[in-house]
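Results of the structural survey
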Amino acid sequence: MRFLDALLGRTKPVQPDLDALFAVPAAATTLQAALDLVPTGVGAVCFKTAEGPAAARAQTDAVALLTADQAARVAVSQDEYGYTWVAGRHDRDDLAGLVTDLHAVNSTLADAGYGPSLLCTVIGFTGAADERRLGLVYLFKRGTFYPFAPTGAHTRDNALELQVRAQLGGELPVESDLGRWFPIWTTPAL
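Reading the values: the criteria
- Residues numbered from 1 in each chain as written.
- Predicted model: local features only at pLDDT ≥ 70, side-chain atom pairs only at ≥ 80, totals over all residues.
- Heavy atoms only, no water.
- Core = buried A, V, L, I, M, F, W, Y, C linked by side-chain atoms within 4.5 Å.
- Buried < 20%, exposed > 50% of the residue type's maximum accessible area, 1.4 Å probe, protein only.
- Helix = DSSP H or I, 4+ residues; strand = E, 2+ residues; numbered from the N terminus.
- Contact = heavy atoms within 4.5 Å.
- Salt bridge = Lys/Arg side-chain N within 4 Å of Asp/Glu carboxyl O.
- Axes fitted to C-alpha atoms, helices over the stretch in contact; angles between N-to-C directions.
- Parallel < 35°, antiparallel > 145°, perpendicular 65-115°, else oblique.
- Left-handed = near helix turned anticlockwise from the far one by under 90°.

Turning our eyes to something else, we now look at the nonpolar core. Judged by nonpolar contacts, the single largest core of 36 residues is most densely connected at Val 24, Leu 31, Leu 37, Ile 123, Phe 125, Phe 145 and Val 164. Counting only elements with at least two residues in this core, the list comes to helix H2 (24-35), strand E1 (37-48), helix H3 (53-68), helix H4 (95-114), strand E4 (118-127), strand E5 (133-139) and helix H5 (158-168). No other element matches the eight residues that H4 contributes to this core. In contact with Ile 123, not counting residues within four places along its chain, are Val 24, Val 42, Gly 43, Leu 95, Leu 98, Val 99, Leu 102, Leu 134, Gly 135 and Leu 136. With 14 residues, the next largest nonpolar core counts Ala 44, Ala 87, Tyr 146 and Ile 184 among its residues.

Under the criterion given, the structure shown has four salt bridges. The residue Asp 130 makes a salt bridge to Arg 132 at a minimum N-O spacing of 2.9 Å. Taking the relative accessible area as the measure of exposure, Arg 132 reaches 22% and is therefore partly exposed. With its nearest N and O atoms 2.9 Å apart, the salt bridge here joins Arg 142 to Glu 175. Taken together, the residues span a long stretch of sequence, with Arg 142 in the loop between E5 and strand E6 (144-148) and Glu 175 in the segment after H5 at a distance of 33 residues. Its relative accessible area of 41% is what places Arg 142 among the partly exposed residues. Residue class for Glu 175 comes out buried when judged on its relative accessible area of 1%.

Another point: the packing of H2 against H5. Running from N to C, H2 and H5 point in directions that differ by 120 degrees, and their axes come no closer than 10 Å. When the axis of H2 is compared with that of H5, the two are oblique. H5 is crossed by H2, and the crossing has right-handed handedness. Two secondary-structure elements touch here, H2 through Ala 27, Thr 30, Leu 31, Ala 34 and Leu 35 and H5 through Leu 160, Gln 163, Val 164, Gln 167 and Leu 168.

Next up, the structure:
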């Protein structure tokens, strides 16, 4: 059947590498030292909502994991494109706890069979002394990170994004194709 799948252009859905998120706390230290960017304590998981009771149960289980943590505050929302966002908030100093919670949401959805529905995870950063905002975006299907620095309704700080890429290139798998650095204007993580 593989030959026929290859001939017809069918591919097997890529399973996400969820453990890549655990590299973010170390990368945050680099961002703070090099660019004076600090974690906001907010992160969000984005996925395409599936229909049916099994999908609803998986989403409920994922949110229940976050609400069990007394330090976390959780919000679930849908954006204009029909994607669901599960956002978690921790203290700024607890980036490891936030990453662990986001990983738990991703793992719960992947274990329930919705791994191919995971779009991205966004972890928020801000300038320690200014108004800069940055989202460190993890693309599940690519297994890479990219920076997203919005400055307005539909404008972004490309120079900051390139600086972040240069700083994190040795610590995280950074997406090399700039065409895949999609703007995520409606993320609750920023």
